[in-house]
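Residue-level structure breakdown
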Amino acid sequence: MLHTQKPERAFIHQLPPEVLLVIFCTLLDTNYNETIFIPFMLSQVCAKWRQIVLSTPSLWARIHVPLDSKVAHAHQVIARCLPLLFERSETTPLTISYLCDDYQGQEGTLGCPLLPLILGQIHRWGQVILMIRSPDVSFMQVNAPCLREFVMECAGDSDAILFPFTSCPSLVRLSWPWSMTLPGKHGPIIWSQMEELETDTTSLNNALNFLEWSTKLIKYQFYLEKEQVNFIQKRLVVNHSLQRLNVTGLLRPLLESIILPQLTHLELHGNIDGLPRLLARSPCSLRSLIIKFNGRDFFKPLELADILFNPCCSSLTKLDIYYVVRLTDNLLEKMTYSSSSSSISDVLCPNLTYVKLHTCYCSPGLFGRMIESRFTHVGSHLEQFYYHDYFMGKGISKNPRQSGLSQEDVDILLSIPNVKIDSWSKSIAMERKSKTDW
């Protein structure tokens, strides 16, 4: 047994260095808040481990300062560790996440050296997340030759600042709060290699520019700035690489101005009047569609048939709509598996595995039978279904704001076999049981 063996003969000490190194890296990956201290602890176990750790610069190149370190003692300990981490990581690009502001005590801000130490290594930054209260004055006009990923967050209200890097030739993933200060097409950002971009409030013109310039962009998330009510389309931008788009705001001007043939994941927060036309222009294969309401638009029923009948939606696996939706009889019949359904071409959106809906207007019984077929038919794929309705069981009334799913539909849903069901007065959650649970 392990406790009866001499330390040098214990099983873990018999492992080859390359296996130990995999274990050490896994330890760093699974103990995110301790990445600063783990290399020091590992190097003190035995001479063999110390030799492995000291000869592996990448183990010393991960620096995480978590939110819960906002105390003077923690900052002082980390400050003593950082110079050794920088030295022992040699020339390895640094992975840094600094998620706290300088400690605020009764005596005011302590002279904590953490942020200046980190900013002093900008020439070695590789992947960096900074959440600070206000950008340091020294964090301006600097060169970041190794920087591939940069996430900037401000913990408090802060005026927009200029993009700090004069050169960042390796940058491919960027999250920046102030889109209006991002450089233009021929600035320090090489837009043609950008893969992921996230910004806060962005004008339509800037959003279209970023989509036009970023020919390798895969993921784009932003909040669309309010535009004039009487929108006139001035440009149509095609991006042949974008796969994931997440936008909040007044969406119609954007949706009327883009073509995205490679789009697979779409999340929209706001009025989506232009979505059917976007899908008609973009011969894409959507896998995930998420639509959230935007205030007053919530009770304006969304005609789901205008979206799901588009060929782009035939590949959907996830449908999540927090919006009042109108489901026509034709749509529900096309989405329902029947005994004669022998192939996926016989059913609309056959690949759905996850469906979440909120308040559906439809004829009694059809919705319940559609969901039932999605759980019981041998060719169906639905694994999870969630439904929320303030007037569940009341059916359609003269007042649309007091309408909901019919009681007939509710009864059908609650009687579906081989499904784990949790129900409340306003919600139903269903999950397909595995065969071992039957």
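Here, the structure is the one placed above.
Now for a description of the structure that goes with this document. Computed from a predicted model, the values in this text were never measured in an experiment.

Turning our eyes to something else, we now look at the overall build of the protein. Counting secondary structure elements, the protein contains 12 helices and 24 strands. In the protein, which comprises 438 residues, the proportion classed as buried is 47%. Partitioning the intrachain contacts of the protein with sequence separation of at least 6 by distance along the chain shows that 53% fall at a separation of at least 24. In the structure as shown, the protein presents an accessible area of about 21,700 Å², 53% of it carried by carbon and sulfur atoms.

Note on placement: Ser282 falls in the loop between α8 (275-281) and β16 (288-292). A relative accessible area of 2% places Ser282 in the buried class. At 2.9 Å, the side chain of Ser282 and the backbone nitrogen of Leu260 are in polar contact. The contact partners of Ser282, leaving out residues within four places of it in the chain, are Ile258, Ile259, Leu260, Pro261 and Cys312.

Right, let's get into helix α6 (residues 204-213). In terms of residue burial, α6 counts as a mostly covered element, since seven of its 10 residues are buried. Next to the buried residues of α6 lie β10 (196-202), β11 (219-224), β12 (237-238), α7 (252-255) and β14 (258-259).

Within the structure shown, the criterion is met by 17 aromatic pairs. For the ring pair Trp125 and Phe165, a centre distance of 6.4 Å and an interplane angle of 80° mean the geometry is edge-to-face. Remark: Phe165 occurs in strand β8 (residues 165-167) and Trp125 occurs in strand β5 (residues 125-132); sequence separation between them is 40 residues. The same class applies to Trp125 and to Phe165, which are both buried. Here the aromatic rings of Phe163 and Phe165 are separated by 5.4 Å at their centres, their planes lie at 80°, and the arrangement is edge-to-face. The two residues Phe163 and Phe165 agree in class, both being buried. Among the aromatic side chains, those forming a connected cluster through ring pairs are Trp125, Phe150, Phe163, Phe165, Trp176 and Trp178. The ring centre of Trp60 lies 4.8 Å from the NZ or CZ of Arg88, which sits over that ring. The side chain of Lys318 reaches across the aromatic face of Tyr354, ending 5.2 Å from its centre.

Moving on to the environment of Pro183. With respect to the helices and strands, the residue Pro183 is situated in the loop between β9 (173-176) and β10. Judged by its relative accessible area of 13%, Pro183 is buried. The spacing of Pro183 and Leu162 is 21 residues in sequence and 8.6 Å in space, taken between C-alpha atoms. Not counting residues within four places of it along the chain, the set of residues in contact with Pro183 comprises Phe163, Pro188, Ile189, Trp191 and Trp213.

Axis separation between helix α1 (residues 17-30) and helix α3 (residues 47-54) bottoms out at 11 Å; the angle between their running directions is 70°. As summarised for this structure, α1 and α3 are arranged roughly perpendicular, according to the angle between their axes. For the pair formed by α1 and α3, the contact residues are Pro17, Leu20, Leu21 and Phe24 on the first element and Lys48, Trp49, Ile52 and Val53 on the second.

One finds Trp125, Phe150, Phe165, Leu275, Leu308 and Phe367 to be the most contacted residues of the largest nonpolar core, which totals 122 residues. When near neighbours in sequence (up to four residues on either side) are disregarded, Phe165 contacts Ile122, Trp125, Phe139, Val142, Ala144, Leu147, Phe150 and Pro188.

Position of Asp409 relative to the elements: it lies in helix α12 (residues 407-414). No salt bridge is formed by the buried Asp409; its nearest oppositely charged neighbour, Arg369, is found at 6.7 Å. Of note is the side chain of Asp409, whose polar atom sits 3.3 Å from the backbone nitrogen of Phe367. Filtering out sequence-adjacent residues up to four positions away, Asp409 remains in contact with Cys362, Ser363, Pro364, Gly365, Leu366, Phe367 and Gly368.

Glancing now at unusual backbone geometry. Of note in the backbone geometry, Thr359 takes a positive phi value of approximately 60° without being a glycine. Phi is positive for Asn418, which is not a glycine, with a value near 55°. On the secondary structure map, Asn418 appears in the loop between α12 and β23 (419-423).

Calculation criteria
Residues numbered from 1 in each chain as written. Predicted model: local features only at pLDDT ≥ 70, side-chain atom pairs only at ≥ 80, totals over all residues. Heavy atoms only, no water. Helix = DSSP H or I, 4+ residues; strand = E, 2+ residues; numbered from the N terminus. Buried < 20%, exposed > 50% of the residue type's maximum accessible area, 1.4 Å probe, protein only. Contact = heavy atoms within 4.5 Å. Areas by Shrake-Rupley, 256 points an atom, 1.4 Å probe, with all protein chains shown as cover. Polar contact = N/O pair within 3.5 Å; in protein donor to acceptor, adjacent residues only side chain to side chain. Phe/Tyr/Trp six-rings, centres within 6.5 Å; stacked < 30°, edge-to-face > 60°. Lys NZ or Arg CZ within 6 Å of the ring centre and 35° of its normal. Axes fitted to C-alpha atoms, helices over the stretch in contact; angles between N-to-C directions. Parallel < 35°, antiparallel > 145°, perpendicular 65-115°, else oblique. Core = buried A, V, L, I, M, F, W, Y, C linked by side-chain atoms within 4.5 Å. Lys, Arg positive; Asp, Glu negative; His and termini not counted. Salt bridge = Lys/Arg side-chain N within 4 Å of Asp/Glu carboxyl O.

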